[in-house]
Amino acid sequence: MRNMTKFRAIGIMAGILFTCLFILALFYFQNTESSANEPVMTESDGYQIATIQVKDDGFYPANIEVKAGVPTKLNFKKPSGFTCIRSVASRDIGLDLYLEKGDNFTTLQDLKPGTYKLHCGMYMYYVTLTVK
Ligand SMILES: [Cu+2]
C-alpha cells in the first residue's frame, strides 16, 4: 500500500514536470517562430533588404552581411514597444534613425567593402554590418 502511494506521488510529480516543460517549449517556439520564419535577406525593386529584429535584449541577427555595389535597405523591425532600443545610430555609415513600432526602413548610400558598427541610442546593443 505504501509503495502504491509513492508510485502515485512520482506519477503526479512527473506529470507536473512534463506540463511545465510543455508550456516552456510552447513559449520558446512562439518567441522564435515570429522572427525565425522571416528571412534576414530579401530582394525587392533592385534593392537588397536586410531585416533586423529589434527585441528587448538586442538586435537579431547582430551580424549582417550585404553585397557591395547593390542598393541596400535596412529594415529595423520592432514587434513591440517593450525594449529600451529607441533608436539606432552609426557614425561609420552616417545613420541616426528613430525606431517606431513596426517597420523602420533606411536606405544606405553605396558602401565600400568593409565592416561597419551600428549601435542603439544608449550604446548597449550593437549590429555589425559587413559589406562584401
Ligand atoms: Cu538601451
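As a reminder, the structure under discussion sits directly above these lines.
Residues numbered from 1 in each chain as written. Predicted model: local features only at pLDDT ≥ 70, side-chain atom pairs only at ≥ 80, totals over all residues. Heavy atoms only, no water.

**Some thoughts on the overall build of the chain**
Argument step 1. Tallying secondary structure elements over the chain gives one helix and 10 strands in all.
Argument step 2. Secondary structure elements of the chain, listed N to C terminal, follow the sequence α-β-β-β-β-β-β-β-β-β-β.
Argument step 3. Counting all 132 residues of the chain, 30% fall into the buried class.
Argument step 4. Across the chain, the fraction of contacts at a sequence separation of at least 24, relative to all contacts at a separation of at least 6, is 54%.
Argument step 5. Within the structure as shown, the chain displays about 9200 Å² of accessible surface, and the carbon and sulfur contribution to it stands at 61%. (Helix = DSSP H or I, 4+ residues; strand = E, 2+ residues; numbered from the N terminus. Buried < 20%, exposed > 50% of the residue type's maximum accessible area, 1.4 Å probe, protein only. Contact = heavy atoms within 4.5 Å. Areas by Shrake-Rupley, 256 points an atom, 1.4 Å probe, with all protein chains shown as cover.)

**Description of the pattern of salt bridges**
Argument step 1. The final tally for this structure, using the stated rule, is three salt bridges.
Argument step 2. The closest approach of N and O atoms between Glu38 and Lys77, which form a salt bridge, is 3.0 Å. A residue pair is termed long-range when its members are at least 10 positions apart, and Glu38 in the loop between helix H1 (2-36) and strand S1 (41-44) and Lys77 in strand S5 (residues 72-77) qualify at 39 residues.
Argument step 3. By relative accessible area, which is 26% here, Glu38 ends up partly exposed. (Salt bridge = Lys/Arg side-chain N within 4 Å of Asp/Glu carboxyl O.)

**Re the pairing of strand S2 (residues 47-55)**
Argument step 1. Most of S2 sits inside the fold, with seven of its nine residues counted as buried.
Argument step 2. As paired strands, S1 and S2 are joined by four bridges and run antiparallel to one another. Of the residues in S2, the one forming a bridge with Ser44 is Tyr47.
Argument step 3. Hairpin connection of S1 to S2: two residues between the antiparallel strands, including Asp45 at a positive phi of 50 degrees.
Argument step 4. Two strands pair when backbone bridges link them, and S2 and S5 are joined in this way by six bridges, in the parallel orientation. Within S5, the position partnered with Ile52 by the bridge is Phe76. (Pairing = 2+ DSSP bridges.)

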